[in-house]
Each structure stands twice: as C-alpha cells, then as structure tokens.
Amino acid sequence: MPTELVDNIDHIITDPVTYGDEHLYHEVFATLRQSDPVHWCETANYRPFWAVTRHADVTRVELDAKSFHNAPRQFLVTIDDEKMLQETTGSSNFARNLVAMDDPDHRVFRAMTAAWFGQKSIRSIEDEIAALARETVDRMVAMDGHCDFAKDISAWFPLRTIMIVLGVPREDEPLMLELSQKLFGNTDAETGGGEGMASMLDAFNAFNAYFAGVTADRRANPRDDVATILANATIDGEPIGEAERNAYYLIVAAAGHDTTSSAISGGLLGLIRNPDQMEKLRADPSLMPKAVDEFIRWTSPVKHFFRTAVADCEVGGKAIKAGDNLMMCYPSANRDEAVFDDPFAFRIDRFPNRHVAFGYGPHVCLGQYLAKLEMRLLYTELLSRVHDIRLDGDPAWVEANFVSGLKRLPIAYRT
Ligand code: HEM
C-alpha cells in the first residue's frame, strides 16, 4: 500500500468519503489484517478506538457480551455531533434501542419480537413479499430496458417490506424513505442532504411523531404485526416506556432498509461483473440461498459496530483497557484470508460462508431471515424475467462510514 495511505490510515478508516470507494477501504483493511490487526486509531474528528479487522477477533469480542458491552458507544459519531447530541437530548445516544442495550434489558427487549422475526414465523409474510417482488419486477419491465437499479428498485423494495412488517399504509412510504435515508446515509450530500446530526435529529423527531399515531391505532385495533407487539408490550405488567417503544420502531423501520437495499444492488453489480456467476445462478436457481449469502458478504452494508471493554483484557495481542472502544470492521472480517477461500472472489455457491455481515453473538441481526427471504424472492423473480443485464453508466457508492452501499447503478436489460 502506498506510504501516503499508510500515514493516513486513521483518517481513511473514519472518513465517510472512503466508503464511496470500495477498493480503497478494502486495501486499507487488507493491510491492517496483515500488519496491525487490532489497530489504535486516533483522529481529530472522532474519539479514539481500536479497529478490529480479523474475523477471529470480531467474533470473539461479539460473542463475549459480558466482557464487551454495546453501551455506551455504538457507531462513529463526530466529537462535535456528540456534543450537540448531549446538549439537545442530554445523552450521547439519541435512542436507547436494542443495539444500545446490554443484558438484562437487551434479553428482555429482544425477546419481545424475536419469535416474530424467527426463521419459521417470517414465512407467514412470504406470500406478501413474493407479491411485492413481482410488482417490483413489473416496474422494471415497464421501464423500457433502462433503470437506475439502486434508486428505482433496490431502494424501494426493502422499504415496502418493512411497511408490511410494521403494518404502515402505502401512502406513507415516501416519508419513511426520506426519514430513514436522513438517519443512515446522512453524510452523503446526494442521499442525505449532507446536513449531519441536525438532519438526523429532525428525522428522529419526525419518526417519533409518526409512530405515536401508529401506537394509538394498534392499541385500539390490534393486528398480526410488529407494531401491535410494540404498542402493547409490557414488562412486569407495566407498558414499556415511550422512549424505548419509539426507539424500537426506529430500529425496525430504519435498520432493515438501507442495509438490505445495499445488499440487493451490490449483489447485482457482483453478478454483472462476474457473468459466469450470473449464468451459473440462472442455470441453477437452487443456488439462490448460497448466492444471497455471498451478496451479503460481498457488500457488507454495515461497515462497523462498536463494543466497549468492561475490564482490562487482551484482543489480538493488544492490551485493551477497561472503557476502551473497539470497532468491529465487518467488511474486513468478511475478506479475511484466514477464513474465506479466495476472499476477493465473488462466488455465488460459496460454502461454507461464515460471514459476519449480520454481526455475531447475542446482538446478531434480528432481521437476518427477513433480509434473506426478501433477497431470495426478489432475485428469483428478477432472474426469471429480466435478461442481458449490463451496466449503462458508472455505479456510485454512498459516502457514509456506518451503513453504505450503491447509490447509483444504471443498467440496461431485456425483458
Ligand atoms: C442488528 C446487519 C437487515 C434489524 C444488526 C447488526 C448488523 C446488521 C451488523 C449488528 C449485529 C451485532 O452487533 O452483532 C444487517 C444487514 C442487513 C440487515 C447487513 C441486510 C442485508 C435487517 C432487517 C431488519 C434488521 C431486514 C429488520 C427488522 C436489526 C435489528 C438489530 C440489527 C433490530 C439489532 C439487534 C440487537 O442489537 O439485538 N443488523 N441487518 N436488520 N438488525 Fe440488521
């Protein structure tokens, strides 16, 4: 790796712009895995932390939730934004949701919806998602052989799925799309307005106001959806607090959207760039579940989550002090040469595929079966009806250091 990159590694890891360039961050992480796998990172804009880049260290830290807590730091927030958050909300955390909780609270709150999101129960909405997948591909067919797959297709499909999960009416989808993009892609001028924490807080308040109405409705008219579970959830016979309920709506509404859409569009780019893999999948649709896992490993839409050491310990040979923050670098762990055979090859039949794009351990993604179901249904529909898919312009990635993926994927195709 060139010396100017080595000298700037701390800045590169944290800079949102880095994540608009997949070659750059993979190059930096590959260097770290090799030479300094648990790397102390100090920059002017962010509080310091350890960057954990190897698969073995990421899984070990995430599995040991007693020694490594999710509170008080979950993802990169600039020092200025942390101050602003503290002044505005009195906390360094604007929503105490599942990812900010540790046991015993985490166990209790996760259990509320865990059964609903389980591998078997999620099939109860399979027909509805399959209908949505058909409708999504109908839209592509109507677009006359050209579309921006990232903007026109993959941004909408997971959002509509989440609307089904929450039972939110269709006319509110544009509002939900805008709010979740402000919350997750907010450092990118094109998709988030580049307004930083101020726009994030506005979006957060708008979310809360919206879901107060949903709660009132589900108390009066319960249904079989996640909103009904959250609206009526109790602990020791008492309704859960409003802040916790809002935070839960937020994590469900926002966490399943940009993540899944990034995996969907990044998967298609992988197939376009690897025509032999596209052919293989078309020829044998039974490979779809394996292909979906490879799309998710390949794209690793969530770039990191943090853990905080409870006591002095050692990770990857480095002495970690109690209170130190550790960044779990998922894209890096998912290209770890020690775990994946030829990790930079995109193979739709990769097996085993022990990727950690959904995290690991007690906080592992609650929506992983939903995300995989969505992707399987959409790709089954897409590959059976859309042919000769090719690039029709340059792809571009969101410049965000937490959740990111393609923001533009112009394609041409035949139906
Ligand atoms: C947690 C990734 C889709 C809801 C997480 C975590 C990651 C992740 C990395 C943190 C895990 C950890 O700390 O160990 C992804 C990816 C997705 C995706 C890559 C799509 C490809 C979804 C969907 C939902 C969802 C569709 C729908 C509800 C959640 C929730 C958590 C979570 C609620 C917090 C779990 C906890 O802390 O207990 N996800 N996710 N995600 N995800 Fe996802």
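Quick notes on the rules
Residues numbered from 1 in each chain as written. Predicted model: local features only at pLDDT ≥ 70, side-chain atom pairs only at ≥ 80, totals over all residues. Heavy atoms only, no water. Helix = DSSP H or I, 4+ residues; strand = E, 2+ residues; numbered from the N terminus. Rg over C-alpha atoms; globule rule 2.2 N^0.38 Å. Contact = heavy atoms within 4.5 Å. Lys, Arg positive; Asp, Glu negative; His and termini not counted. Charge placed at Lys NZ, Arg CZ, Asp CG, Glu CD. Pairing = 2+ DSSP bridges. Expected span 1.5 Å × (residues − 1). Buried < 20%, exposed > 50% of the residue type's maximum accessible area, 1.4 Å probe, protein only. Disulfide = S-S within 2.5 Å. Phe/Tyr/Trp six-rings, centres within 6.5 Å; stacked < 30°, edge-to-face > 60°. Lys NZ or Arg CZ within 6 Å of the ring centre and 35° of its normal. Near = heavy atom within 4 Å. Polar contact = N/O pair within 3.5 Å; in protein donor to acceptor, adjacent residues only side chain to side chain. Axes fitted to C-alpha atoms, helices over the stretch in contact; angles between N-to-C directions. Parallel < 35°, antiparallel > 145°, perpendicular 65-115°, else oblique. Left-handed = near helix turned anticlockwise from the far one by under 90°. Nonpolar A, V, L, I, M, F, W, Y, C, P; charged D, E, K, R; others polar.

Per an unreviewed UniProt entry, the chain goes by the name Cytochrome P450 and belongs to Sphingobium boeckii.

## Overview of the overall build of the chain
Counting its secondary structure elements, the chain contains 19 helices and 14 strands. Whereas a compact globule of 415 residues would reach a radius of gyration of roughly 22 Å, the chain reaches 21 Å, a difference of no more than 12%. Principal-axis analysis of the C-alpha atoms places the extent of the chain at approximately 60 × 60 × 40 Å. Considering only contacts within the chain whose residues lie at least 6 apart along the sequence, 71% involve residues at least 24 apart. The chain carries 42 positive and 62 negative side-chain charges, and their two centres are separated by 5 Å.

## Focus: the sheet that holds strand 1 (residues 38-41)
The sheet built from five strands is open, its strands ordered 1-2-10-7-3 with mixed pairing. Only two strands of the sheet have a single neighbouring strand rather than two, namely strand 1 and strand 3 (68-69). Two elements, strand 1 and strand 2 (residues 49-52), share four bridges in a ladder whose sense is antiparallel. Considered in strand 2, the bridge of W40 is made with W50.

## Some points on helix 14 (residues 242-255)
The first and last C-alpha atoms of helix 14 sit 19 Å apart over 14 residues, in line with the 20 Å expected at 1.5 Å per residue. For helix 14, the tally of buried residues reaches 10 of 14 residues, placing the bulk of the element in the interior.

## Things to note about the state of the cysteines
One pass over the structure, following the stated rule, counts zero disulfides. Just so you know, C41 is unpaired, no disulfide at all, and the nearest cysteine sulfur is the one on C329, 8.3 Å from it.

## Here's the deal with the packing of aromatic side chains
As enumerated under the stated definition, the model contains 13 aromatic pairs in all. When the centroid spacing of 5.4 Å and the interplanar angle of 70° are considered together, the rings of W298 and F346 count as edge-to-face. Taken together, the positions of W298 in helix 17 (residues 288-299) and F346 in the loop between helix 18 (330-333) and helix 19 (368-385) put the pair 48 residues apart, joining distant regions of the chain. Three or more aromatic residues link up through ring pairs in this structure, and these residues are F207, Y210, F211 and Y249. Stacked on the ring of F306, the Lys or Arg R73 has its end atom at 4.5 Å from the ring centre. In this structure, R297 packs its charged tip against the face of F340, placed 5.2 Å from the ring centre.

## Examining the site of the ligand
Taken together, 29 residues lie near the ligand, and E62, H106, R110, H363 and C365 sit nearest. Between an oxygen atom of the ligand and a side-chain N or O atom of H106, the distance comes to 2.6 Å. At the level of secondary structure, the elements contributing two or more residues to the shell around the ligand comprise helix 6 (105-114), helix 14, helix 15 (258-273), strand 7 (305-309) and helix 19.

## So, the packing of helix 15 against helix 19
Where helix 15 meets helix 19, the axes come as close as 10 Å, and the angle between the chain directions of the two elements is 40°. Considering their axes alone, helix 15 and helix 19 lie oblique with respect to each other. By crossing handedness, the relation of helix 15 to helix 19 is classed as right-handed. Contact with helix 15, carried on its side by T260, A263, I264, G267, L268 and L271, involves A371, E374, M375, L378, Y379 and L382 of helix 19 and no other residues of that element. In terms of residue class, the contact of helix 15 with helix 19 is built from nine nonpolar, two polar and one charged.

## Topic: the environment of S154
Structurally, S154 is set in helix 8 (residues 149-154). Residues S154 and L406, spaced 252 residues apart in sequence, show a C-alpha to C-alpha distance of 9.6 Å. With residues up to four places along the chain from it excluded, the contact list for S154 reads F149, S261, I264 and S265. From its side chain, S154 meets the backbone oxygen of A150 in a polar contact 3.3 Å long.

## Some details on the sheet that holds strand 11 (residues 387-391)
As summarised here, the arrangement of the three strands in space is 4-14-11, forming an open sheet in which the pairing is antiparallel. Strands with a single pairing partner mark the edges of an open sheet, and in this sheet they are strand 4 (146-148) and strand 11. Averaged over neighbouring strand pairs, the angle between their axes works out to 25° when direction is ignored. Taken together, the three bridges between strand 11 and strand 14 (residues 410-414) define a ladder with antiparallel strand orientation. Paired with H387 across the two strands is R414, which belongs to strand 14.

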